[in-house]
Amino acid sequence: MGGNLLEISNLSKNFGGLPALSEVSFGVETGQVTALIGPNGAGKTTLINCLTGVIRPDGGAIRFKGADIAGLPAHRVARLGISRTFQNLRIFPRLTVLDNVLCGLTVQAGASLLEALFLPPGLRHRERRLKLTALEALDAFGLADKAGWPVGVLAYGDKKRVEMARAFVSQPVLTLLDEPVAGLNAEETATVATFIRQMRLAGKTMILVEHDMEMVMGISDHVVVLDGGSRIAQGTPDAVRHNPLVIEAYLGRMSATA
Amino acid sequence: MIGWEKAKFFVIRHHTGLMVCGLALFLALTPLVMDNPYNLGILNLIGLYVIVVLGLNLFIGFAGQISLGHAAFFGLGAYGSAILTATYGFPAWPAMILTAGAMALVALALGIPTLRLSGHYLAMATLGFNYVVDSIFVQWDAVTGGPSGLSGVPPLSIGGLTFDSDLKFHYLVWTFALVALTLCLNLVRTGVGRGLAALGADEVAAAALGVDVQRQKNGVFVLSAVMASVAGSLYAHYFGYVNPDAFSVFKSLDLVIMVVVGGLGSVWGTLFGASFITVLPHFLGFLETYMDIIHGVILVVILIFLPQGFVSGLVDIIRIRWARRRLAMDRQS
Ligand SMILES: Nc1ncnc2c1ncn2[C@@H]1O[C@H](COP(=O)(O)OP(=O)(O)OP(=O)(O)O)[C@@H](O)[C@H]1O
Ligand SMILES: [Mg+2]
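All residue numbers here refer to positions counted from 1 along the written sequence of the relevant chain. As they are written, the chains are lettered A onward and the ligands numbered 1 onward, keeping that order. Per-residue local features of the predicted model are confined to residues with pLDDT of at least 70, and side-chain atom pairs are confined, for both listing and counting, to 80 or more; whole-chain, interface and lining totals are unaffected and use all residues. Just so you know, side-chain values use all the structure's heavy atoms and leave hydrogens and water out.

Trainee: Could you give me a rundown of a nonpolar patch on the surface, with the residues and numbers involved?
Mentor: All names here are of chain B. Residues enter patches when their relative accessible area tops 30% and they take part in no salt bridge; the joining distance is 9 Å for like charges and 5 Å for the nonpolar side chains Val, Leu, Ile, Met, Phe, Trp and Tyr. In these tables, accessible area is a Shrake-Rupley quantity obtained with a 1.4 Å probe, and a residue counts as shielded only by the protein chains included in the view. The working definition used for a salt bridge is a side-chain nitrogen of Lys or Arg within 4 Å of a carboxyl oxygen of Asp or Glu. A contiguous nonpolar patch, built from Tyr290, Ile293, Val297, Val300, Val301, Ile304 and Phe305 and spanning about 720 Å² of accessible area, is present on the exposed surface. Every helix listed is a DSSP run of H or I at least four residues long, and every strand listed is a run of E at least two residues long, numbered separately from the N terminus. Along the chain, the position of Ile293 falls in helix 14 (residues 291-305). When its relative accessible area of 54% is taken as the criterion, Ile293 is described as exposed. Only protein chains enter the accessibility calculation, which uses a 1.4 Å probe. A residue is then buried if its area is under 20% of the maximum for its type, exposed if over 50%, and partly exposed in between.

Trainee: Residues and numbers for the pattern of salt bridges, please.
Mentor: It is possible for side chains of opposite charge to pair when their charged atoms get near one another. Residue and element names in this part refer to chain A. For the structure on display, the rule yields 11 salt bridges over all chains. Across the salt bridge formed by Asp238 and Arg241, the nearest N and O atoms sit 3.9 Å from each other. One end of the pair, Asp238, and the other, Arg241, are both in helix 10 (residues 237-241), three residues apart, so they sit about a helical turn from each other. On the basis of relative accessible area, Asp238 is assigned to the partly exposed category, the value being 47%. Here the residues in one salt-bridge network are Lys146, Asp158 and Arg161, joined through shared partners.

Trainee: Quick rundown of the coordination of the magnesium ion (ligand 2)? Include the residues and the values.
Mentor: All names here are of chain A. Here a donor is an N, O or S atom found within 2.8 Å of the metal, or within 3.2 Å if the metal is Na, K or Ca; sites may look incomplete because water is not among the atoms. Here the magnesium ion (ligand 2) is held by the protein donor atoms Thr45 (OG1) and Gln87 (OE1), which lie 1.9 to 2.1 Å from it. Of the two residues, Thr45 sits in helix 1 (residues 44-51) while Gln87 sits in the loop between strand 6 (82-84) and helix 3 (97-103), which places them 42 residues apart along the sequence. The partly exposed category is assigned to Thr45, whose relative accessible area is 26%.

Trainee: Can you lay out the pairing of strand 3 (residues 33-37) of chain A for me, pointing to particular residues and giving the numbers?
Mentor: All names here are of chain A. Counting buried positions over the five residues of strand 3 gives five, a clear majority of the element. With burial as the criterion, each face of strand 3 is covered, one bearing Val33, Ala35 and Ile37 and the other bearing Thr34 and Leu36. By the convention used here, strands pair only if DSSP detects at least 2 bridges between them. In this sheet, strand 9 (residues 222-227) lies alongside strand 3 in parallel orientation, the contact comprising four bridges. Following the sheet pairing, Ile37 is matched in strand 9 by Val225.

Trainee: Please provide a residue-by-residue account of the environment of A:Val33, values included.
Mentor: Residue and element names in this part refer to chain A. With respect to the helices and strands, Val33 occurs in strand 3. With relative accessibility at 0%, the residue Val33 sits in the buried group. Counting along the chain gives 164 residues from Val33 to Arg197, while the straight-line C-alpha distance between them is 8.8 Å. It only takes one pair of heavy atoms within 4.5 Å for two residues to be counted as in contact. When sequence neighbours within four positions are dropped, the list of residues in contact with Val33 reads Arg200, Met206, Leu208, Ile219, Ser220, Asp221 and His222.

Trainee: For the packing of helix 3 (residues 37-62) of chain B against helix 8 (residues 166-188) of chain B, give the residues involved together with the corresponding values.
Mentor: All names here are of chain B. Only C-alpha atoms enter the line fits that serve as axes; for helices the fit covers just the stretch in contact. Angles between N-to-C directions range over 0 to 180 degrees. For the pair helix 3 and helix 8, the least separation of the axes is 9 Å and the interaxial angle reads 20°. Classified by the angle between their axes, helix 3 and helix 8 sit roughly parallel to one another. For the pair helix 3 and helix 8, the sense of crossing is left-handed. Amino acid classes used here: Ala, Val, Leu, Ile, Met, Phe, Trp, Tyr, Cys and Pro are nonpolar; Asp, Glu, Lys and Arg are charged; the rest, including Gly, are polar. By residue class, the composition of the contact of helix 3 with helix 8 is 21 nonpolar, four polar and one charged. Convention used here: angles under 35 degrees read as roughly parallel, angles over 145 as roughly antiparallel, angles from 65 to 115 as roughly perpendicular, and any remaining angle as oblique. Throughout, a crossing is termed right-handed when the near helix is turned clockwise from the far one, and left-handed when it is turned anticlockwise from it by less than a right angle.

Trainee: Go over unusual backbone geometry, please, and point to the residues and values.
Mentor: Residues and elements named next belong to chain A. For Leu89, which is not glycine, the phi torsion reads 40° and is therefore positive. Within the secondary structure, Leu89 is located in the loop between strand 6 and helix 3. Residue Leu89 is classed as buried on the basis of its relative accessible area, which comes to 18%. A positive phi angle, close to 40°, is found at Leu119, a residue other than glycine.

Trainee: Report on helix 6 (residues 121-140) of chain A, specifying residues and quantitative values.
Mentor: All names here are of chain A. If you check helix 6, its first and last C-alpha atoms are 29 Å apart, about what 20 residues at 1.5 Å a residue would give, namely 28 Å. Restricting attention to buried positions, one finds in helix 6 the residues Leu123, Glu127, Leu130, Ala134, Ala137 and Leu138. Each buried residue of helix 6 sits inside an arc of 95° when the element is viewed along its axis, so together they form one side. Opposite the packed face of helix 6, turned more than 90 degrees from it, sit the exposed residues Pro121, Leu132, Glu136, Asp139 and Ala140. Immediately downstream of helix 6, the backbone of Gly142 shows phi near 65°, a positive value. Residue count minus one, scaled by 1.5 Å, sets the expected span of a helix. Directions from the helix axis toward the C-beta atoms define the arc.

Trainee: Give me the lowdown on the interface of chain B and chain A, citing residues and values where you can.
Mentor: If you look at the interface, chain B gives 36 residues, while chain A gives 37 residues. Buried area counts how much accessible surface, traced with a 1.4 Å probe, disappears from two parts once they are put together, with both parts' losses summed. Taken over both partners, the interface formed by chain B and chain A buries close to 3400 Å², and the fraction arising from carbon and sulfur atoms is 64%. Contact with chain A buries surface across chain B, with B:Arg194, B:Leu209 and B:Arg319 losing the most and accounting together for 20% of the total. Applying the counting rule to chain B against chain A returns two salt bridges. Here B:Arg194 and A:Glu127 are joined by a salt bridge, their closest N and O atoms 3.0 Å apart. Counted as a polar contact is a pair of N or O atoms within 3.5 Å, where, for protein atoms, one must be capable of donating a hydrogen and the other of accepting one, and residues adjacent in sequence contribute only when both atoms are in side chains. At the boundary of chain B and chain A, one finds six residue pairs in polar contact (both at pLDDT 80 or more). Contributions of two or more residues to the side of chain B that touches chain A are made by helix 8, helix 9 (191-201), helix 10 (203-208), helix 11 (213-239) and helix 15 (310-332) of chain B. When the residues that make up the side of chain B that touches chain A are grouped by side-chain class, the tally is 20 nonpolar, seven polar and nine charged.

Geometric values such as these leave the question of function open.
In C-alpha cells:
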C-alpha cells in the first residue's frame, strides 16, 4: 500500500451538521484509472472538491506522494500537478478556445505580475512555447480549427472537450474527472471513453467520477463505491458489480427515483 | 513574393507593437495639425485619464472586481506630489515615486481585507474610501489647503527641459500613457493576464488551475492604484494646482464609465472610453449642468444593451456572429 500516489484516509466533511463524507478511505495507484461511483448525493463531488482544495475537509488525511495536502488552498494543490474537470462545466465563455486551454498551463506560465508587465524575451519565448503546447492539445481533441473562437459559441460536447483539454494540457500527475460524459450523447460518450483509455495507456493516473456503472466497467482498474457519504465497497470492476451492497444501493435508489 | 510573405508574417507577429508605434507616430504629429492650446489641453487630459483607466480596466474588466474609489488614488497622487513639492520643496520626480510607493501600500492595506469580499462589499468599501479621502482634502486645511486647494506646484523638468506648456506636456503625458499602454498589453498577453481573466469569470475554476486568486486580485489593485497615483502626480504638475473637486466620488464614477464605454477587458477600448467621456462635455457645452445625468444614462444604456461594455461588447457580437456562421457552414457541409 505504501507505493500509492494518493492515499485518502478517514476523510470527513459535514455540511451544516449533515455528513456528506464520513471516514472515507482508499488509495490510488500510479498509472491506474480509479472510478468513483455512487448514486446521487453520495458525496463524489464533495470528495473531489476536498482533494482539490475547493473545500476544506473537516477531518482525515489526503496524502499525495506522501505529503498531507488536506486543507491546502486550491492553487497550491494545482501546483502539485493535480488537475480536474467540473461536473457542471466551468470554462471561461468569453475567452477563446485557445486561451481556455492555455489557462490549464497557468502553473507552467508562472510569471509574476511585474515580470508580465515588462514581458522580457525569456517570458515571451515561454509564452510562445506554451501556445504550441496548447494547440497540440487542442489538436488531440479535434478542436484546433476552432482555436480562435470564443468558447461560448461551441456546442455542449465541444465545451466539455475544451475543459478536458484544459485539464490534460499540463501533463498533470493526477487528473480528477467529475462526470466527464454527463449530458453527452452516445457517440460523444464513446469518444470520451476512448480518450480516457488512451490517456491510461499513456500512463496517466485518473480518478473518474461516474454515475453510470456500465461506462465505468470498461475503462477502470479499480472501483470505489460511495453511498450516503460512506465507502460501501471497493475492488475490481467485476467484483464491485456483483457486490450485493452495491446492487442494493443502486437498485434501491433507482426504484425510488424511477 | 517571398519578401511579401515575410512582410505579412512580420505584421501578423508584431501587430500589437506596430499598432502602438502607429499610435505613437500619430500622437507625435498631432500638435503639428492641432496647435490650438485649448484642444491640446483636452488631449492632455485624455492622456492623464488613459493612464488611470488602463489600470482600472485591468481591475474591473479583467479581474472582474469593482472600484468606486479610484479618483481617490488619483487625488492622493496629485496631493502627494503637490504637498511634497509646493509645500516642502521636494524635487518633483522623487516626490512622484515616493507618492506612488505610498499609494501601493495604501492599496494593499485597503485591498487585503476587502478583496476577500466581492460585489457590493467591494463597491461600498472603495466608495467609502473615496469619501474619506475627499473629506480629508476638504477638511484638513493646514495641509491640503481646504476647499480651495493648493497652488504653486512647479512643472516637471528633465535636464534643462521644463514641461511648462501644453505642447511640451503633450509629449510627456503621452509618453507615460504609451508606456502604460504597452505594459498593459504585455500583461494581458501572458499567463498572468489569462489568470486575471479566468478569476474574473470564475474564481473556483481559476484557483483549481493554479491561479492564486487573492494574490492576483491584490496585485492588480495595487498596480491600478500606482498608475492612478502617477497620473495624479502628472496632473498636479501640469495644472500647477490641485483642489478637491477633481477627485470626488463623482470622478470615480466617471472613471468607471470610461472603463465601461471602452469595454470591460479591452485595453485598446480604454483609449476610446477615456477620449469619449473627456471630449463629450466640450461638444455638449450647452448641456453642462446635465452632464452627470448624461453620464448616468450612458452607463445604464450600455450596461443594459452591451453588458461587456461598448467597444468590447460590439467586438464580441461580431466575433460571436462570425463564429456562429462558421459553425452553421460546417454543419451544412
Ligand atoms: N456546498 C454545499 N452545501 C451544502 N450541502 C452540500 C454542498 N455540496 C454538497 N452538499 C450535499 O452533500 C451531499 C453530497 O453531494 P455531492 O455533490 O458530493 O454528491 P455527488 O455524489 O457528487 O452527487 P451527484 O451524482 O448528484 O453529482 C448532498 O447531499 C449535497 O446536497
Ligand atoms: Mg457530483
